[in-house]
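Fold and geometry: a report
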Amino acid sequence: MQAPKELLAIHTNMPAVIPPAIDAAALAGAPVPAGLSADEKHAYEQLAGFYKNVYYAFFMGTRPQTLTALADSPVGLATFMIDHDARSLELISRSFNGVSEGLSRDDVLDNITLFWLTNTGVSAARLYWERKLGFFTPKGVRIPVAASAFPDELYQAPRSWAEQAYPNLIHYNKLPKGGHFAAWEQPKLLSEELRAGFKSLRK
């Protein structure tokens, strides 16, 4: 949004593209609006499902400093971090059920340990407190944008909404797998997306 001259472009794997009226309807739990394409309907259903279980975000956004268990108990921290959203919980839980796709048990425990040793569980929650704009609606970004739409993200951003939100969209791709924590779960796919997204800007 600030677009300093040194910033040539950005890449995002959770594009803020949901039209405000659509976002408000999903938050209210309204039926799927008429006139949506198949991809837009799918994104709406994902977002509406997420909003039904978004209490952790509301809590962090209104009472971040009361999350004392994140600093007092490694079990409390682990529980909070593993149970993010319904789909992420499923993807993370696979590592404890012997499924090798994506994350290993060590990956999950390393991530929790990083927050525990640095005592940043509570301070990380302040992102939700300090935000001034909606998470999912367009922000008026005018610089070049590369967007990767992972299927198990909170919503898989449709190309149509990405093109509306980012008038200078230089790359868009729907990925076959990956969720909200794509850099953690699917680092190879994400790194390939970064290279592809910025390829046109290389000199």
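Our structure is the block above this text.
Every value quoted in this text rests on a predicted model; they were computed, and no experiment measured them. (Residues numbered from 1 in each chain as written. Predicted model: local features only at pLDDT ≥ 70, side-chain atom pairs only at ≥ 80, totals over all residues. Heavy atoms only, no water.)

Examining the pattern of salt bridges
What counts, and what does not: Should a side-chain nitrogen of Lys or Arg be within 4 Å of a carboxyl oxygen of Asp or Glu, the pair is scored as a salt bridge. By definition, any uninterrupted DSSP run of H or I lasting at least four residues is a helix, any uninterrupted run of E lasting at least two residues is a strand, and each is numbered from the N terminus. Accessible area is worked out with a 1.4 Å probe on protein chains only. A residue is then buried under 20% of its type maximum, exposed over 50%, and partly exposed in between.
Scanning the model with the defined rule gives 6 salt bridges in all. With a closest N to O distance of 2.5 Å, Arg87 and Glu90 form a salt bridge. Highlighted residues: Arg87 and Glu90, both in helix α6 (residues 86–93), separated by 3 residues, approximately one helical turn. Taking the relative accessible area as the measure of exposure, Glu90 reaches 45% and is therefore partly exposed. Residue Arg159 is joined to Glu163 by a salt bridge in which the shortest nitrogen-to-oxygen separation is 3.9 Å. With Arg159 and Glu163 both in helix α9 (residues 159–165) and 4 residues apart, the pair spans about one turn of that helix. Because the salt bridges share partners, they merge into one network encompassing Arg87, Glu90 and Asp152.

Regarding a nonpolar patch on the surface
Applied cut-off: Exposure above 30% relative accessible area and the lack of any salt bridge qualify a residue for a patch; like charges then connect within 9 Å, and the nonpolar side chains Val, Leu, Ile, Met, Phe, Trp and Tyr within 5 Å. Throughout, the Shrake-Rupley method with a 1.4 Å probe supplies accessible areas, and for residues the shown protein chains are the sole cover considered.
Taken together, the side chains of Leu27, Tyr55 and Phe58 define a hydrophobic patch exposed on the protein surface, amounting to about 350 Å² of accessible area. Tracing the backbone shows Leu27 in helix α1 (residues 20–28). The partly exposed category is assigned to Leu27, whose relative accessible area is 48%.

Details of the packing of aromatic side chains
Our working definition: Aromatic pairing here means that ring centres of Phe, Tyr or Trp (its six-membered ring) are within 6.5 Å. Orientation follows from the plane angle: under 30 degrees is stacked, over 60 is edge-to-face, and everything else is tilted.
Taken as a whole, this structure holds 7 aromatic pairs when the rule is applied. Taking the centre distance of 6.0 Å and the plane angle of 85 degrees together, the rings of Phe181 and Trp184 count as edge-to-face. Among the aromatic residues, those joined into a ring-pair cluster are Phe50, Tyr51, Tyr128, Phe135, Phe136 and Tyr155.

Details of the nonpolar core
Rules: We call a set of buried residues a nonpolar core when its members are Ala, Val, Leu, Ile, Met, Phe, Trp, Tyr or Cys and they connect through side-chain atoms within 4.5 Å of each other.
Ranked by size, the top nonpolar core spans 42 residues in total, and within it Val17, Leu47, Phe50, Phe136 and Tyr155 carry the most contacts. Elements represented by at least two residues in this core include exactly α1, α2 (38–51), α3 (55–62), α5 (74–82), α7 (105–118), α8 (121–130), β2 (145–149) and α9. Take this core: its biggest share by element is 6 residues, from α2. Counting residues in each nonpolar core, the second largest holds 5 residues, with Leu175, Ala182, Leu189 and Leu190 among its members.

Here we look at the sheet that holds strand β3 (residues 169–174)
For clarity, the cut-off: Here a strand pair is declared whenever DSSP counts at least two bridges between the two strands. Axis definition: a line fit to C-alpha positions, over the contact stretch in the case of helices; interaxial angles, taken between N-to-C directions, run 0 to 180 degrees.
Strand order across the open sheet formed by 3 strands is β1-β2-β3, with parallel pairing between neighbours. The open sheet has two edge strands with one neighbour each: β1 (10–12) and β3. Strand after strand, the sheet turns through a mean of 10 degrees between neighbouring axes, direction not considered. Pairing of β2 with β3 involves 5 bridges; the strand directions are parallel. Bridging from a neighbouring strand, Ala146 pairs with His171 of β3.

Details of the side chain of Glu185
Threshold: For the purposes of these results, a polar contact is taken to be a pair of N or O atoms within 3.5 Å, where, inside protein, one atom must be able to donate a hydrogen and its partner to accept one; residues adjacent in sequence count only when each atom of the pair is a side-chain atom. Contacts were defined at the residue level, with two residues in contact if any of their heavy atoms lie within 4.5 Å.
Following the sequence through the fold, Glu185 ends up in helix α10 (residues 182–185). Only 2.7 Å separates the side chain of Glu185 from the backbone nitrogen of Gly179, close enough to count as a polar contact. Here Glu185 is in contact with Leu91, Gly102, Leu103, Gly178, Gly179 and His180, once residues within four sequence places are set aside.

Description of the side chain of Ser95
Mapping Ser95 onto the fold places it in the loop between α6 and α7. Within the local environment of Ser95, its side chain forms a polar contact with the backbone oxygen of Ile92, the two atoms lying 2.7 Å apart. Beyond its immediate sequence surroundings of up to four residues, Ser95 is in contact with Leu103, Ser104, Arg105 and Val108.

Some points on the packing of α5 against α7
Keep this limit in mind: Here the word oblique covers every angle except those under 35 degrees (roughly parallel), over 145 (roughly antiparallel) and from 65 to 115 (roughly perpendicular). By convention the crossing between two helices is left-handed if the near helix lies anticlockwise of the far one by an angle smaller than a right angle, and right-handed if it lies clockwise. Ten residues, namely Ala, Val, Leu, Ile, Met, Phe, Trp, Tyr, Cys and Pro, are considered nonpolar, four, namely Asp, Glu, Lys and Arg, are considered charged, and the remaining ones, Gly among them, are considered polar.
Between α5 and α7, the least distance of the axes is 10 Å, while the angle of their chain directions is 120 degrees. What the angle tells us is that α5 and α7 run oblique. Relative to α7, the crossing made by α5 is right-handed. Where α5 abuts α7, its residues Pro74, Leu77, Ala78, Met81 and Ile82 lie against Val108, Asn111, Ile112, Phe115 and Trp116. For the contact of α5 with α7, a count of residues per class yields 9 nonpolar, 1 polar and no charged.

Distances and angles like these do not, on their own, reveal function.
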